Amino acid sequence: MTTTQLDRPAAPAKTAPRTPRAPRRTSPWTPWLYLLPALAVLGGLLVYPVYQLGLISFLEYTQAQVSGGEPTSFQGFANYTALFGDPQFRQVLLATVVFAAACVVTTLAVGCSLAVLLTRVRALPRLILMLAALGAWATPAVTGSTVWVFLFDPDFGPVNRLLGLGDFSWTYGRYSAFALVLLEVVWCSFPFVMVTVYAGIRAIPAEVLEAAALDGASQWRIWRSVMAPVLRPILVVVTIQSIIWDFKLFTQIYVMTNGGGIAGQNLVLNVYAYQKAFASSQYSLGSAIGVVMLLILLAVTLVYLRLLRRQGEEL
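Since the model is a prediction, treat every value here as computed from it, not as a measurement.

With that settled, the discussion passes to the packing of aromatic side chains. Considering all chains together, one arrives at 21 aromatic pairs under this definition. With centroids separated by 5.1 Å and ring planes inclined at 40°, the aromatic side chains of Phe 99 and Phe 178 adopt a geometry described as tilted. On the criterion of sequence distance, the pair formed by Phe 99 in helix H5 (residues 87-118) and Phe 178 in helix H9 (residues 174-202) is long-range, its members being 79 residues apart. For the pair shown, Phe 99 and Phe 178 are each scored as buried. Through pairs of rings, three or more aromatic residues link up here, namely Tyr 61, Phe 250, Tyr 254, Tyr 274, Phe 278 and Tyr 283. Directly above the aromatic system of Tyr 175 lies the positively charged group of Arg 174, at a separation of 5.9 Å from the ring centroid.

Written out as structure tokens, the structure is:
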């Protein structure tokens, strides 16, 4: 053996190629195991109360049954028949739909307008407007309602003095009271729309907006023909959520109109259900109103999910 052969390193031994390991098959129940804690919480906080709500709506359940003086009896759909046969319920339902629609339209108009304004102002005014809006958004409903009642108070409120209205009572008339509540609802709701739409506008390429402006399009035409189609998924989300929030309004009406206004002229479904269940001790009728509201909001939610699927959004 020569010296050259001794200095040469030995060739590494060839190893057989490893076969790729087959991926481990997961059980179809594995995702449900991860969701089990959340489902347990939702079951305790949502499913069981809804079940009890529906059950009571089919029973005769008044103060006599609560105190044990009379046995509970099954009434079937008698509570719903009495409810839909009540002219006041139909009036309150119509008022709730109209008032919620007015709140949603006004909130969207104010929020979208301010979102466009945020894209036109400098950094410091934009920061001040954002902080002021978030302050309104973070204010509790009871606190905001109390402050608005004071601002429009006929004796001590500054609004009547500035407008020269004297001792005009905003909560005495039906439409003026609804208008006052609408202003408060819009004040505490528009920040969500403003921030969400502003984020969507910032996601639109600046070249698209500049091209539309160079073509001579007005600001309204740019919003209607360029921004709105791009922001349609975001607008659908804020619209559906605003409908759900405004349809189940309770605190603002109850605080600002002292429980529904004079002779119940400012009642909405949530306040009407509260009066039936706790003021009149007709818990079964109050539960039936709650079930009707639940079904209406469920239908709105299903429409929302269908629109998301149609637009290709990932659920």
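For the rest of this paragraph, the subject is the packing of helix H7 (residues 141-151) against H9. The contact between H7 and H9 brings their axes to 10 Å, and the two run at 135°. Relative to H9, H7 is oriented oblique. The chirality of how H7 crosses H9 is right-handed. Along the contact surface, H7 presents Ala 141, Gly 144, Ser 145 and Trp 148, while H9 presents Leu 180, Leu 183, Glu 184 and Trp 187. Residue classes in the contact of H7 with H9 are distributed as 5 nonpolar, 2 polar and 1 charged.

Moving on: the nonpolar core. Membership of the largest hydrophobic core comes to 33 residues, with the highest contact counts inside it found for Phe 89, Phe 99, Val 181, Ile 253, Leu 269 and Ile 289. At the level of secondary structure, the elements contributing two or more residues to this core comprise helix H4 (78-84), H5, H9, helix H13 (251-256), helix H14 (269-279) and helix H15 (283-310). When neighbours within four sequence positions are excluded, Phe 99 is seen to be in contact with Phe 178, Val 181, Leu 182, Leu 249, Ile 253 and Val 268. Ala 115, Ala 133, Leu 209 and Leu 235 belong to the second largest nonpolar core, which has 25 residues in total.

Residue position: Ser 284 is located in helix H15. A relative accessible area of 5% places Ser 284 in the buried class. Those residues in contact with Ser 284 that sit more than four places away from it in its chain are Ile 56, Ser 57, Leu 59, Tyr 61 and Asn 79.

For the pair helix H10 (residues 206-214) and helix H11 (residues 219-230), the least separation of the axes is 11 Å and the interaxial angle reads 145°. In terms of crossing hand, the pair formed by H10 and H11 is right-handed. Residues Val 208, Leu 209, Ala 212 and Ala 213 of H10 form the contact with H11, whose participating residues are Ile 222, Val 226 and Met 227. Its residues assigned to classes, the contact of H10 with H11 shows 7 nonpolar, no polar and no charged.

This part takes up a nonpolar patch on the surface. A cluster of nonpolar side chains, namely Trp 29, Trp 32, Leu 35, Leu 39, Leu 42, Leu 46, Val 47, Val 50 and Leu 294, defines an oily patch on the protein surface of about 910 Å² accessible area. When residues of the nonpolar patch are assigned to their parent elements, the largest contribution, 7 residues, is made by helix H2 (residues 30-57). For Leu 39, the location among the structural elements is in helix H2. For Leu 39, a relative accessible area of 40% puts it in the partly exposed group.

Along its 32 residues, H5 runs 46 Å from first to last C-alpha, staying within 8% of the 46 Å computed at 1.5 Å per residue. For H5, the N-terminal cap is Asp 86; the gap from its side-chain oxygen to the backbone nitrogen of Gln 88 is 3.2 Å.

A positive phi angle is found at Ala 263, which is not glycine, with a value near 55°. Structurally, Ala 263 can be placed in the loop between H13 and H14. With a phi close to 60°, Ser 281 is a non-glycine residue in the positive phi region. Of note, Ser 281 is situated in the loop between H14 and H15.

On to the environment of Glu 184, then. Positionally, Glu 184 belongs in helix H9. Through-space distance from the C-alpha of Glu 184 to that of Leu 118 is 22 Å; in sequence the pair is 66 residues apart. Not counting residues within four places of it along the chain, the set of residues in contact with Glu 184 comprises Ala 141, Gly 144, Ser 145, Trp 148, Gln 252 and Met 256.

We now examine the environment of Val 104. On the secondary structure map, Val 104 appears in helix H5. The exposure class assigned to Val 104 is buried, which follows from its relative accessible area of 7%. For the pair Val 104 and Trp 220, spaced 116 residues apart in sequence, the C-alpha separation works out to 20 Å. Not counting residues up to four positions away in its chain, the partners in contact with Val 104 are Thr 239, Ser 242, Ile 243 and Asp 246.

What counts and what doesn't
Residues numbered from 1 in each chain as written. Predicted model: local features only at pLDDT ≥ 70, side-chain atom pairs only at ≥ 80, totals over all residues. Heavy atoms only, no water. Phe/Tyr/Trp six-rings, centres within 6.5 Å; stacked < 30°, edge-to-face > 60°. Helix = DSSP H or I, 4+ residues; strand = E, 2+ residues; numbered from the N terminus. Buried < 20%, exposed > 50% of the residue type's maximum accessible area, 1.4 Å probe, protein only. Lys NZ or Arg CZ within 6 Å of the ring centre and 35° of its normal. Axes fitted to C-alpha atoms, helices over the stretch in contact; angles between N-to-C directions. Parallel < 35°, antiparallel > 145°, perpendicular 65-115°, else oblique. Left-handed = near helix turned anticlockwise from the far one by under 90°. Contact = heavy atoms within 4.5 Å. Nonpolar A, V, L, I, M, F, W, Y, C, P; charged D, E, K, R; others polar. Core = buried A, V, L, I, M, F, W, Y, C linked by side-chain atoms within 4.5 Å. Patch = residues over 30% accessible without salt bridge, like charges linked within 9 Å, V, L, I, M, F, W, Y side chains within 5 Å. Areas by Shrake-Rupley, 256 points an atom, 1.4 Å probe, with all protein chains shown as cover. Salt bridge = Lys/Arg side-chain N within 4 Å of Asp/Glu carboxyl O. Expected span 1.5 Å × (residues − 1). Polar contact = N/O pair within 3.5 Å; in protein donor to acceptor, adjacent residues only side chain to side chain.

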